[in-house]
Amino acid sequence: MSIIPNILFAIILIAGIGYFTKNVKKLIRNINLGRDIDVSDNKPQRWKNMARIALGQSKMVSRPIAGFLHIIVYVGFVIINIEVLEIIIDGLFGTHRIFSATGIIYSCLIGTFEILAFLVFVAVIIFWIRRNVIKLQRFWKSEMKGWPKSDGNIILYFEMVLMTLFLVMNATDVQFQAMHSGNVISQFITPLFSGLSDGTLHMIERTAWWLHITGILIFLNYLYFSKHLHILLAFPNTYYGSLKPKGELDNLEAVTKEVKMMMDPNIDPFAAPPEDESGEEEVAKFGASDVQDLSWVQLLNAYTCTECGRCTSECPANQTGKKLSPRKIMMDTRDRLEEVGKNIDANNGVFNDDGKQLFGDYITNEELWACTSCNACVEACPVSINPLSIIIDMRRYLVMEQSAAPVELNNMMTNIENNGAPWPYNQMDRLNWKDE
Amino acid sequence: MSELLKVPTMAEYMAQGKQPDVLFWVGCAGSFDDRAKKITKAFVKLLNKANVDFAVLGTEESCTGDPAKRAGNEFLFQMQAVTNIEVLNDYEVKKIVTACPHCFNTIKNEYPELGGNYEVMHHTQFLKSLLDEGKLTIEGGQFKGKRITFHDPCYLGRANNVYEAPRDLIRKLEAELVEMKNCKSKGLCCGAGGAQMFKDAEKGDKEVNVARTEQAIEVKPDIIAAGCPFCNTMMTDGVKAKDKEADVEVMDIAELIANAQDL
Ligand code: SF4
Ligand code: SF4
């Protein structure tokens, strides 16, 4: 028996996993470009959230049809991949269906895989119809033109092809069909190949087997370039998701320091600012104008976004025709982060200023100022992404670094500064209502 | 005002060496906005009726800083916060009630890190607790059988998961509580949050408050109940824009309860 297939298999496997690992490293490096924040608190609650939201898909079912179909694809995909283990062992050692020695257990397993494969196939077709025939509004917003739209469909085609290959592989496996157990779905496909010689059947079976495993490896490597990355990142992302009430925005520490200093009567306001040990003056930047100013959790959010548009379809600004789309905020953040990452790759590990940034080149004023901070997007996201936090960080940059708030807001803030209310009323009149 | 409201200030309490059970944080809208002042008074009437031992800061109160923070001005926010916290801590305030979900959210969630730790309640939660303790009774009165829909304020609902207290109070009025297409955690914003109240909306094809009012009008209510002075303004404007002033009234929960007992 030739060992060439085994060696070929090993090479494909190593190449596939190797390239994937390389991209995962890049992914981690890019995420780490973000500011550090401490998310080491309350681990039990974090695990619970991950189990409930990522593993248990608890947020998906708020839209019952999509939620149900998604659970089929998700469960199907995860479980069918147990089969990959057998394929890898068979491929490396030249065995055939090594697990079939387990008899009835094997039949049950393969039977389940086949049913799931069939269900996944059907679900994926319905997904495709929703996207392309029914044209569900949220998949046709302006940010979904071009690559994001193709990406969504490519994933569906991938799954259709993989499921088909799996079933064909089983249907044309003469020995397997002869067992008459576990072939719950494939037995109905076998007749399509009737009349073919055993040799031809074997050829088809082998081809399907090889295509199936190479397909899986290609798909694995496709993830990094796709919104499909969420199947992996949903887990860390829900783990690191905020545990605070949604209404709570973080208090900027750098500001707290300065405010404390300004309010402290014991500090001489005219004294030179304290210098740190290196002798250089640390100038803290307030808010975010580019991806490096965001926290690494916000960057992880961006890679996790599955572009489902649930956030955007719940967004009051978007619903009333404003340019703001929380999904686009996440997609822009990811695109810019990728651009920065490529820049670093091209310049031997250091970022070379490209004269671009997230604010202005990707996200505009008009989008940022349309947000009502209502948290509908945060609530809607099935994988605990917070687009609002990015919007607020960018507003902070505009207001505190650029003094570029809309005029009316500047008036409002001047009022607060001067008389403690957003309107020009005297603070001394605050209790007048009592006697009116 | 026919009947005199009892509104003691913290300074007065301090002068007598006393400490009230709870501080009523009135907020900027509640102090200055003509519509919101009515809500403030309705709430005070209920406090007086239930003999609640409360006080206000009066002229010592200042904006919580919420609109500044949401507009991105963290400096101004923290200046306001630190100043307010100093006043509150000097008076040794333990418990705060407010009729504004924005003040509620800011003091409850964002002040602790800056040194302000208080038990904070929204007025609907507070009224509910008065009811549970038997200090306040609610009768249906003029609202019996009326169709009332509740608009969830984002900063009470989604932001802080308070959905039931206002609804429980409406049910107590023996009114028919009807829910809009988007309610509770899926409630649609009125359009005022995030400092939008103080500026014109960005370019679009509709105003958010009109979209929300349309959802409300769809369920044919007699009254749109609100729990936030800003939502109140937005919904009132929405009703006007839809020419429905004759059929639909926008009222705060505190007003509903006060009116039901002819206070
Ligand atoms: S918080 Fe802002 S972006 Fe998110 S849904 Fe509300 S208005 Fe839209
Ligand atoms: S942020 Fe969340 S809800 Fe919005 S598109 Fe991405 S995954 Fe979907």
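Scroll up to find the structure.
Residues numbered from 1 in each chain as written. Chains lettered and ligands numbered in written order. Predicted model: local features only at pLDDT ≥ 70, side-chain atom pairs only at ≥ 80, totals over all residues. Heavy atoms only, no water.

Caption draft 1: Local environment of the interface of chain A and chain B. The partner chain B presents 72 residues to the 59 residues of chain A that form the contact. Taking both partners together, chain A and chain B bury about 5,800 Å²; carbon and sulfur atoms supply 62% of that area. For the interface between chain A and chain B, the tally reads four salt bridges. Glu61(B) is paired through a salt bridge with Arg430(A); the nearest N and O atoms lie 3.0 Å apart. Taken together, chain A and chain B are joined by 33 residue pairs in polar contact (both at pLDDT 80 or more). (Contact = heavy atoms within 4.5 Å. Buried area = accessible area lost by both parts, 1.4 Å probe. Salt bridge = Lys/Arg side-chain N within 4 Å of Asp/Glu carboxyl O. Polar contact = N/O pair within 3.5 Å; in protein donor to acceptor, adjacent residues only side chain to side chain.)

Caption draft 2: Quick peek at the nonpolar core. Counting residues in each nonpolar core, the largest one holds 115 residues, and the members touching the most others are Leu409(A), Ile96(B) and Tyr118(B). Considering every element that reaches this core, the biggest residue donor is helix α18 (residues 387–401) of chain A, with nine residues. Look past the residues within four positions of Leu409(A) in its chain and what remains in contact with it is Trp369(A), Ala71(B), Ala195(B), Phe198(B) and Lys199(B). Judged by nonpolar contacts, the second largest core, of 42 residues, contains Ile80(A), Phe127(A), Leu156(A) and Leu167(A). (Core = buried A, V, L, I, M, F, W, Y, C linked by side-chain atoms within 4.5 Å. Buried < 20%, exposed > 50% of the residue type's maximum accessible area, 1.4 Å probe, protein only. Helix = DSSP H or I, 4+ residues; strand = E, 2+ residues; numbered from the N terminus.)

Caption draft 3: Spatial organisation of the sheet that holds strand β5 (residues 147–150) of chain B. Residue and element names in this part refer to chain B. If you trace the four strands from one edge of the open sheet to the other, you get β6-β5-β7-β8, paired in parallel fashion. At either margin of the open sheet sits one strand with a lone partner, and together these are β6 (176–177) and β8 (249–252). Relative to β6, β5 runs parallel, the two being bridged by two bridges. Bridge assignment links arginine 147 to a residue of β6, and that residue is glutamate 176. (Pairing = 2+ DSSP bridges.)

Caption draft 4: View of the site of ligand 1. Residue and element names in this part refer to chain A. Taken together, the neighbourhood of ligand 1 is formed by 13 residues, with Cys315, Cys371, Cys374, Asn375 and Cys377 sitting nearest. For the shell around ligand 1, the secondary structure elements donating two or more residues are α17 (376–380) and α18. Of the residues assigned to the shell around ligand 1, the class counts are 10 nonpolar, three polar and no charged. (Near = heavy atom within 4 Å. Nonpolar A, V, L, I, M, F, W, Y, C, P; charged D, E, K, R; others polar.)

Caption draft 5: Here's a closer look at the packing of aromatic side chains. All names here are of chain A. Counted by the stated rule, this structure contains 23 aromatic pairs over all chains. Aromatic side chains tyrosine 224 and phenylalanine 225 sit 5.1 Å apart centroid to centroid with 80° between the ring planes, which places their arrangement in the edge-to-face category. Among the residues examined, tyrosine 224 registers a relative accessible area of 7% and is labelled buried. By relative accessible area, phenylalanine 225 is classed as partly exposed at 40%. One aromatic cluster in this structure is built from Phe77, Trp147, Phe158, Phe219 and Tyr222. Across the ring face of phenylalanine 139, the terminal group of arginine 131 is positioned such that the distance to the ring centre comes to 4.2 Å. The ring of tryptophan 209 carries the charged tip of arginine 206 above its face, separated from the ring centre by 4.8 Å. (Phe/Tyr/Trp six-rings, centres within 6.5 Å; stacked < 30°, edge-to-face > 60°. Lys NZ or Arg CZ within 6 Å of the ring centre and 35° of its normal.)

Caption draft 6: Representation of the site of ligand 2 in the model. Residues and elements named next belong to chain A. Around ligand 2 there are 13 residues in total, and Cys305, Cys308, Gly309, Cys311 and Cys381 lie nearest to it. Of all elements in the fold, only α12 (310–314) and α14 (326–346) reach the threshold of two or more residues within the shell around ligand 2. Split by residue class, the shell around ligand 2 holds eight nonpolar, two polar and three charged.

Caption draft 7: Here's a closer look at the pattern of salt bridges. Tallying each qualifying case throughout the model produces 40 salt bridges over all chains. Glu339(A) is the salt-bridge partner of Lys356(A), the closest N and O atoms lying 2.6 Å from each other. Here Lys356(A) is found in the loop between α14 and α15 (358–361), whereas its partner Glu339(A) is found in helix α14, with 17 residues between them in sequence. You can call Lys356(A) partly exposed: its relative accessible area is 35%. Lys135(B) is the salt-bridge partner of Glu133(B), the closest N and O atoms lying 3.0 Å from each other. The structure contains a network of salt bridges with shared partners spanning Lys128(B), Asp132(B), Glu164(B), Asp168(B), Arg171(B) and Lys184(B).

Caption draft 8: Inspection of the sheet that holds strand β3 (residues 95–98) of chain B at higher detail. All names here are of chain B. The four strands lie next to each other as β2-β1-β3-β4, forming an open sheet whose pairing is parallel. Looking at which strands have only one partner, the edges of the open sheet turn out to be β2 (54–55) and β4 (119–122). Where β3 meets β4, four bridges bridge the pair, whose relative direction is parallel. The partner of threonine 98 across the bridge, within β4, is histidine 122. Along the sheet, helix α7 (residues 123–132) makes contact with β1 (22–25), β3 and β4, crossing β4 at roughly 90°. (Axes fitted to C-alpha atoms, helices over the stretch in contact; angles between N-to-C directions.)

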